[in-house]
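Coordinate inspection notes
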Amino acid sequence: MIGIVMAGGKGSRMNLDDEKLLLQYKKPIILHVIDSLKNSNYFSKIIAITSPNSPKTKTLLEENNIEIFDTSGIGYVEDLNSVLQKFNDSILVASGDMPLLDNEIIQTIVNHYDSQKTWTSILVTDRLLTSIGIKSDYSIIHNQQKCHFTGISLINSQKINSLENVEENYVVIDDKRIALNLNTTQDYDLLSTT
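Quick caveat, the model's predicted, so the values are computed rather than measured. (Residues numbered from 1 in each chain as written. Predicted model: local features only at pLDDT ≥ 70, side-chain atom pairs only at ≥ 80, totals over all residues. Heavy atoms only, no water.)

A count of helical and extended segments in the protein chain gives seven helices and eight strands. Taking all 194 residues of the protein chain together, 50% fall into the buried category. Sequence separation of 24 or more characterises 75% of the internal contacts of the protein chain that already satisfy a separation of 6 or more. Total accessible area on the protein chain is roughly 9700 Å²; 44% of this is exposed by carbon and sulfur atoms. (Helix = DSSP H or I, 4+ residues; strand = E, 2+ residues; numbered from the N terminus. Buried < 20%, exposed > 50% of the residue type's maximum accessible area, 1.4 Å probe, protein only. Contact = heavy atoms within 4.5 Å. Areas by Shrake-Rupley, 256 points an atom, 1.4 Å probe, with all protein chains shown as cover.)

What follows is the structure, given as C-alpha cells:
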C-alpha cells in the first residue's frame, strides 16, 4: 500500500500558504502526518503531493528527504487524479493538515480497505464534530445521518481511469483524531485549547 499526503493546497480558508507548517512547537504538521503514516508500518512508500501553491512546504519536505510528487496545483481533484494515474496500487490518501492523526488510527482505517471497492471515503458523524466544536462545509447523508468527509480515502488505483463516475463507498469512524483538519483559524484556535 502507498500512503499519499496532500500537501499542495493554497491554504485559502486559513489565509496562509504555509498552513502545513503550523505546530512548530512539536513539528510542522505535514511532518506529523507523514510520521503517523510511517509509524503505522503499513506502507511500502509514502509520497507527499506538492504544488506551486506551497513552496515552503515543498522545501521542508525535500530537506527531510520525503519523496514528493509535484502537481500543477489547479485543484485538489485534478492534483489527486494526476497522481492516481501514475500508480497501480492500493492507496491511502490523507490530508496534510491533521494534527491529531496517529499511527493507531491509520491502522484502524487501513483495516477497512477492501480491494473490491474502487474508492472508500472515511467519514465522521455530525454529532462527533458538534461535540468537539468543529464545523465542516463538506457533508453528506449516509445511513440516514449527517456525516462529514475527513480528507482520508482508501483507493484501489488499479480500478481508476479517471475520477469521473467513480463509485464512492463510505466508512464512518467517529474518532477525533481524524475529525480535526486545520482548515480555518477557528480550527487552529480549537486545537490550541486542547
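Moving on, we come to the side chain of His148. By the element assignment, His148 lies in strand E7 (residues 145-156). The residues touching His148, leaving out its near neighbours within four places in the chain, are Ile122, Leu123, Val124, Thr125, Asp126, Leu129, Ser136, Tyr138 and Ser139.

In a regular helix each residue adds 1.5 Å, so twelve residues correspond to 16 Å; helix H1 (residues 29-40) covers 17 Å between its end C-alpha atoms and thus fits that length. When we look at burial in H1, the residues that qualify are Ile29, Ile30, Leu31, Val33, Ile34, Ser36, Leu37 and Ser40. Positive phi appears at Asn41, one or two residues downstream of H1, with a value of about 60°. (Expected span 1.5 Å × (residues − 1).)

This paragraph deals with unusual backbone geometry. Even without being glycine, Asn41 reaches a positive phi, approximately 60°. By relative accessible area, which is 69% here, Asn41 ends up exposed. Positive phi, normally seen in glycine, also occurs at Asn143, with a value near 50°. Here Asn143 is to be found in the loop between strand E6 (139-142) and E7.

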